[in-house]
Amino acid sequence: MKVVAIGISVLMLSLIASQWIKGERTITLEELVPSFEQGKGLKPAQVNALVSSQPLTVTTQVEKASPSSLRGLREPSALDISADGLLIINSKIIGLFDFYLAATGEEALSDIAIRVNGHLTNSLPPKAAKQAQRIFENYVQYLNQVTMLKERYQQSASTLESIVMAKQEISDIRSQYFSDQMIESFWGKSDQYEQYMLSVVALNKDKDLTPEQKLYALEHINAQAPLWLITQRAKANKLNEYRQRYKEMEAEGADKVQLNEFAYAQFGDQAAQRLSALQETRDNWEAKLAQYRIQLDTIVETTDSKAVRNQQIVELRDSYFNANERKRVDVLDRKYLAQSQRTL
């Protein structure tokens, strides 16, 4: 599935930042600035004409079946409506648009627009449906503008300064299409997380500071960070510590019973029940997938921020699967979570 990225990708920023801090790699803005390939090259007026040409009528439908990337997935949560029939602005709106835009490349933008408009018409009162359609038009415009921004930056190697500049330009583009309330509702937590990670990267790359000064500055950064972010980071650290210790125990020759007992202590009775059903070797696909899903469930159920949750899931997959397996797991996870009405 081709997923539409929003803003500077939070999960990629976090993952790449850790490698950048350690000096393990350089990065390019191709990895940090989002793309919207289906709208690439269209002028704002053209995108607007394309999207708004799809009428908001109950009969608006796409005759052909849903694209394979959307089949078997639970549709996003219903949008919230006020007592007077107006749309309540929150992150569910972007979640709905991204659900359908995930089919970008598999079907035409015009068909995606029809699906979105049909969903809005059939699920919302008329006033709210028109509000949501205007936001969708602006969202597609925004994504298209960000694609053009990416093309201007992607030829040059990234520096911290260029990433900060790109982030500011993305902020400026948002302001062209969305109110301050919408920006805060759609990207507030993501922006807080990005700013936190950029501050940490800048601190660690500062060669003029001693280790002690960096530690003091990091404590200051953490003190200024929102509580939700610090809480989620602590949960992520706990999972990372578990994975590291698990690998150490394997290297030290721990047997299956010892490894399972360690997992029981970390994840509780539910994990114990599931671990007991594992096959003899962790290298077995089903056993490995079951072990992975114990931690996946913990992340999904305990992590409120989507940005932090996605970061943790990417790190978790990297620790269990190779590149080809990760593609398969992405599809399996969506179906697995949809069965219990959960989403990534």
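All residue numbers refer to positions counted from 1 along the written sequence of the respective chain. Totals for whole chains, interfaces and linings use all residues, but because this is a predicted model, local features are given only for residues with pLDDT of at least 70 and pairs of side-chain atoms are given and counted only at 80 or more. Computation of side-chain values covers all heavy atoms of the structure but excludes hydrogens and water.

Draft legend 1. Quick look at the overall build of the chain. When you go through the chain residue by residue, the secondary structure sums to 15 helices and zero strands. Accessible area is worked out with a 1.4 Å probe on protein chains only. A residue is then buried under 20% of its type maximum, exposed over 50%, and partly exposed in between. Every one of the 344 residues in the chain was classed for burial, and the buried ones make up 46%. Across the chain, the fraction of contacts at a sequence separation of at least 24, relative to all contacts at a separation of at least 6, is 72%. When the accessible area of the chain is evaluated, it comes to approximately 17,400 Å², of which 50% is carbon and sulfur surface. Each helix is a run of H or I in the DSSP string that is no shorter than four residues. Each strand is a run of E no shorter than two, and both are numbered from the N terminus. It only takes one pair of heavy atoms within 4.5 Å for two residues to be counted as in contact. Exposure was quantified through the Shrake-Rupley algorithm and a 1.4 Å probe, taking into account, for residues, occlusion by the shown protein chains and nothing else.

Draft legend 2. Quick peek at the pattern of salt bridges. Here, a salt bridge means any Lys or Arg side-chain nitrogen found within 4 Å of an Asp or Glu carboxyl oxygen. Scanning the entire structure with this criterion turns up 10 salt bridges. Residue Glu-194 pairs with Lys-167 through a salt bridge whose shortest N-O separation is 3.8 Å. Taken together, the residues span a long stretch of sequence, with Glu-194 in helix H8 (residues 180-204) and Lys-167 in helix H7 (residues 160-177) at a distance of 27 residues. The residue Glu-252 makes a salt bridge to Arg-245 at a minimum N-O spacing of 3.3 Å. Put simply, Arg-317, Asp-330, Asp-333 and Arg-334 are held in one network by salt bridges that share partners.

Draft legend 3. Highlighting the environment of Arg-152. Among the structural elements, Arg-152 can be located in helix H6 (residues 126-153). Along the sequence, Arg-152 and Ala-166 sit 14 residues apart, while their C-alpha atoms lie 9.9 Å from each other.

Draft legend 4. Region of interest: the nonpolar core. Put simply, a nonpolar core is a bunch of buried Ala, Val, Leu, Ile, Met, Phe, Trp, Tyr and Cys residues held in one set by side-chain atoms that sit within 4.5 Å of each other. Membership of the largest hydrophobic core comes to 40 residues, with the highest contact counts inside it found for Leu-87, Phe-97, Ile-135, Tyr-139, Tyr-142, Phe-178 and Phe-186. Mapped by element, the contributors of at least two residues to this core are helix H4 (92-101), helix H5 (109-123), H6, H7 and H8. The leading source of residues in this core is H6, at 12 residues. Setting aside residues up to four positions removed in sequence, Leu-87 forms contacts with Leu-79, Asp-80, Ile-81, Ile-93, Leu-124, Ala-128, Gln-131, Ala-132 and Ile-135. Listed in part, the 22 residues of the second largest apolar core include Trp-285, Tyr-320, Phe-321 and Leu-337.

Draft legend 5. Quick peek at the packing of H8 against helix H10 (residues 227-251). Note on geometry: axes are lines fitted to C-alpha atoms, helical ones only across the stretch in contact, with angles between N-to-C directions running from 0 to 180 degrees. Interaxial distance between H8 and H10 falls to 10 Å at its minimum, and their mutual angle equals 65 degrees. Considering the angle they form, H8 stands roughly perpendicular to H10. For H8 against H10, the interelement crossing comes out right-handed. Touching Lys-189, Gln-192, Tyr-193, Tyr-196 and Met-197 of H8 are Trp-228, Leu-229 and Arg-233, all from H10. Residue polarity is assigned by list, with Asp, Glu, Lys and Arg as charged and Ala, Val, Leu, Ile, Met, Phe, Trp, Tyr, Cys and Pro as nonpolar; anything else, Gly included, falls into the polar class. A breakdown of the residues in the contact of H8 with H10 according to their chemical character gives five nonpolar, one polar and two charged. Small angles under 35 degrees read as roughly parallel and large ones over 145 as roughly antiparallel, with 65 to 115 read as roughly perpendicular and the rest as oblique. Note on convention: near helix rotated counterclockwise from far helix by under a right angle means a left-handed crossing. Clockwise means right-handed.

Draft legend 6. Geometry of H7. Between its first and last C-alpha atoms H7 spans 27 Å; for 18 residues at 1.5 Å apiece the expected length is 26 Å, and the two agree. Within H7 the residues assigned to the buried category are Leu-160, Ser-162, Ile-163, Ala-166, Lys-167, Ile-170, Ile-173, Arg-174 and Tyr-177. Axial view of H7: buried residues confined to an arc of 160 degrees, hence all on one face. Exposed residues pointing more than 90 degrees away from the buried face of H7 are listed as Glu-161, Met-165 and Gln-176. Every helix has an expected span of 1.5 Å times one less than the residues it contains. Each C-beta atom gives one direction from the helix axis, and the arc is the one those directions make.

Draft legend 7. Structural context of the packing of aromatic side chains. Any two of the Phe, Tyr and Trp rings considered here, Trp counted by its six-membered ring, make a pair once their centres fall within 6.5 Å; the pair's planes then place it as stacked at under 30 degrees, edge-to-face at over 60, or tilted in between. The tally for this structure, following the rule as stated, stands at 12 aromatic pairs. An angle of 85 degrees between the planes, with centres 5.9 Å apart, marks the rings of Phe-178 and Phe-186 as edge-to-face. By relative accessible area, which is 5% here, Phe-178 ends up buried. When the ring of Phe-186 is compared with that of Trp-187, the centres are 5.6 Å apart and the planes differ by 90 degrees; the resulting orientation is edge-to-face. Assigned by exposure class, Phe-186 and Trp-187 land together as buried.

Draft legend 8. View of the confidence of the model for the chain. Each residue carries a pLDDT score, the predictor's confidence in it, ranging from 0 to 100. On average, residues of the chain carry a pLDDT of 76, and 73% of them reach 70 or more. Contacts from residues 1-38, a stretch scored under 50 in pLDDT, to residues over four places away or in other chains number 116 contacts. Overall, residues 56-62 carries pLDDT values under 50, and its contacts beyond four positions in sequence, including any with other chains, amount to 16 contacts.

Draft legend 9. Structural view of the packing of H10 against helix H13 (residues 285-302). Between H10 and H13, the least distance of the axes is 11 Å, while the angle of their chain directions is 170 degrees. It follows from the interaxial angle that H10 and H13 lie roughly antiparallel. Contacts from Gln-232, Lys-235, Leu-239, Tyr-242, Arg-243 and Tyr-246 of H10 reach H13 at Gln-291, Gln-295, Ile-299 and Thr-302. Taken together, the residues that form the contact of H10 with H13 break down as four nonpolar, four polar and two charged.

Draft legend 10. Structural context of the environment of Ala-236. When you line up the elements, Ala-236 lands in helix H10. Measuring from C-alpha to C-alpha, the distance between Ala-236 and Gln-311 comes to 9.0 Å, with 75 residues separating the pair along the chain.

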